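Commentary on secondary and tertiary structure
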Amino acid sequence: MIQAEEFVEAARNLGFGWYTGVPCSFLTPFINYVINDVQLRYICAANEGDAVAIAAGAAITGKPAVVMMQNSGLGNAINPLTSLAYIFRIPLLLICTLRGDRNLQDEPQHELMGQITDKLLETMTVPWEYFPTDAAEIEPVLQRATAYMQQERRPYALIMRKGSISPHALTRSSIPQREDSSAHVHQSFFQDNRVSRSEALARIVELIDAENTVIIATTGYTGRELFASKDSANHLYMVGSMGCASSMGLGLSLARPDLKVVVIDGDGAALMRMGNFATIGTYGGANLTHILLDNEVHDSTGAQATVSAGISFAKIAEACGYGLTFAGDDLTLLDALFTADTNTRPKFAHLKIRPGTLEKLPRPNLTPEAVLQRFMKHIGSQL
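Residues numbered from 1 in each chain as written. Predicted model: local features only at pLDDT ≥ 70, side-chain atom pairs only at ≥ 80, totals over all residues. Heavy atoms only, no water.

**A word on helix 8 (residues 221-229)**
Formally: Each residue is placed in one exposure class: buried if its accessible area under a 1.4 Å probe, protein chains only, is under 20% of its type's maximum, exposed if it is over 50%, and partly exposed if it falls in between. Each helix is a run of DSSP H or I of at least 4 residues and each strand a run of E of at least 2, with the numbering of both proceeding from the N terminus. Contact between two residues is taken to exist if any of their heavy atoms lie within 4.5 Å; hydrogens are not considered.
Burial runs high along helix 8: 7 of the 9 residues are buried. Of the surrounding elements, those touching the buried residues of helix 8 are helix 7 (197-207), strand 8 (213-217), strand 9 (235-237) and strand 10 (260-266).

Here you go:
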């Protein structure tokens, strides 16, 4: 058994200052120590997949990040681990607890995951070793992890058994307290005149300042149409990890408050990981703008209907803590969005658009890794 301080301080010496995840009782002392230290950053994610994407957003600014989770939630993280961290080559340190350990009497829901946690990591080509339980092991473990992450630019996992860390009391809250807790404004722009996705994307590109604003476009036709409209170094085209664009944008915006971050989401993607609305509303700042282009269908897979027709995403965003929310089907909504100031809170726009895409829509002619490297060069960071 080690002290939380011993591991966290050794990790801090190697640059790790960003932590995100979903709690597990095995992790409690570790999480408490991180939260108690005002020099460290802890983001409590709605689920493990969002935690991976939030950490990825911080990591691409050059800030090494740790993702903490219970192994029962490892399944929630498979998508972004395989289609975000792997293909974009984003190194993350994973700390995954081992509920259902064969040597532990545990709850029945953990039995199978306890048997396959190591196999799941290996199947995802994530190398792993056990979390250290002796102070002398900490430095060598971290050295092996960071050496792999620096060389391969991919995640490395530590599997934590019960009782690895001594108890550590929590002395402060991880949730930021906002003075403007009631500052929410909602505006509507409905003209019964839905535009195309490409028209909306072109207008967004016109309205932003490409020097200090970056765009993260969700997977599917959104990223491809943005590429077709105007390829630029300040664009990051998500080609997988559906639903994770907003959480990655949150991590990026928190790690680089000097940047303006625009996330372009879709209705299917937003529905898939709606819990991140609450995380953005709690932690997000005024430099984050979240735009949801809603055509009420999964366009790139055959235009199957989503359930978004009766959903008010703007009201959800308002209830989750966004400072300024817009809803409508008119492009003037975007003009109002980008000229508005929310002081300290993120902004949100729910723009209804019509289904369909461009004829002979191209795919980005750069690999995801090349897109990310170009993006990072643009914002002046490196892994």
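Right, picking up where we left off after that structure.
**Digging into the packing of aromatic side chains**
To be explicit about the condition: Geometry of aromatic contacts follows a simple scheme: Phe, Tyr and Trp rings, the Trp one being its six-membered ring, pair when their centres are within 6.5 Å, and the pair is stacked under 30 degrees between planes, edge-to-face over 60, tilted otherwise.
According to the stated counting rule, one finds 11 aromatic pairs in the structure shown. Centroid distance tyrosine 19 to phenylalanine 30: 5.9 Å. Interplanar angle 65°. Geometry classified as edge-to-face. Of this pair, tyrosine 19 sits in strand 1 (residues 18-21) while phenylalanine 30 sits in helix 2 (residues 28-36); the two residues are 11 residues apart in sequence, bridging distant segments of the chain. Residue classification places phenylalanine 30 among the buried positions, given a relative accessible area of 0%. Taking the centre distance of 5.8 Å and the plane angle of 90° together, the rings of phenylalanine 227 and tyrosine 237 count as edge-to-face. Within this pair, whereas phenylalanine 227 is found in helix 8, its partner tyrosine 237 is found in strand 9, the two being separated by 10 residues in sequence. Take phenylalanine 227 and tyrosine 237: they sit in the same class, and that class is buried.

**Things to note about the pairing of strand 3 (residues 65-70)**
Test applied: When DSSP finds at least two bridges between two strands, those strands are taken to pair.
Judged by how many residues are buried, strand 3 sits mostly within the fold: 6 of 6 residues are covered. Side chains of strand 3 alternate between two faces, with Ala65, Val67 and Met69 and Val66, Met68 and Gln70 buried alike. Alignment of strand 1 against strand 3, held across 4 bridges, turns out to be parallel. Counted as the bridge partner of tyrosine 19 is valine 66 from strand 3. Pairing analysis gives 5 bridges linking strand 3 to strand 4 (residues 93-97), with the strands arranged parallel. Across the sheet, residue valine 67 finds its bridge partner in strand 4, namely leucine 94.

**A word on the environment of alanine 135**
By the element assignment, alanine 135 lies in helix 6 (residues 135-152). It is 6.9 Å that separates the C-alpha atoms of alanine 135 and glutamate 6, two residues lying 129 residues apart in sequence. Residues within four places of alanine 135 in sequence aside, it is in contact with Ile2 and Glu6.

**Describing the pattern of salt bridges**
Under the convention used in this document: By convention in these notes, a salt bridge is any Lys or Arg side-chain nitrogen within 4 Å of a carboxyl oxygen on Asp or Glu.
Scanning the entire structure with this criterion turns up 19 salt bridges. In this structure, arginine 153 engages glutamate 369 in a salt bridge whose closest nitrogen and oxygen atoms are separated by 2.2 Å. Here arginine 153, found in the loop between helix 6 and strand 6 (156-160), pairs with glutamate 369, found in helix 14 (residues 368-379); they are 216 residues apart in sequence, far enough to count as distant. Judged by its relative accessible area of 25%, glutamate 369 falls in the partly exposed class.

**Observations concerning the sheet that holds strand 5 (residues 128-130)**
What counts here: The convention used is that axes are lines fitted to C-alpha atoms, helices contributing only their stretch in contact, and that angles between N-to-C directions extend from 0 to 180 degrees.
Read from one edge to the other, the open sheet built from 6 strands follows the order 2-1-3-4-6-5, with strand pairing classed as parallel. Each having just a single partner strand, strand 2 (41-44) and strand 5 make up the two edges of the open sheet. Each strand of the sheet is rotated relative to its neighbour by a mean of 20°, with strand direction disregarded. Most of the contacts of helix 3 (residues 48-59) go to strand 3, to which it runs at about 175°, and overall it touches strand 1, strand 2 and strand 3. Where helix 6 meets the sheet, it contacts strand 4, strand 5 and strand 6, and its direction lies at approximately 150° from that of strand 6.

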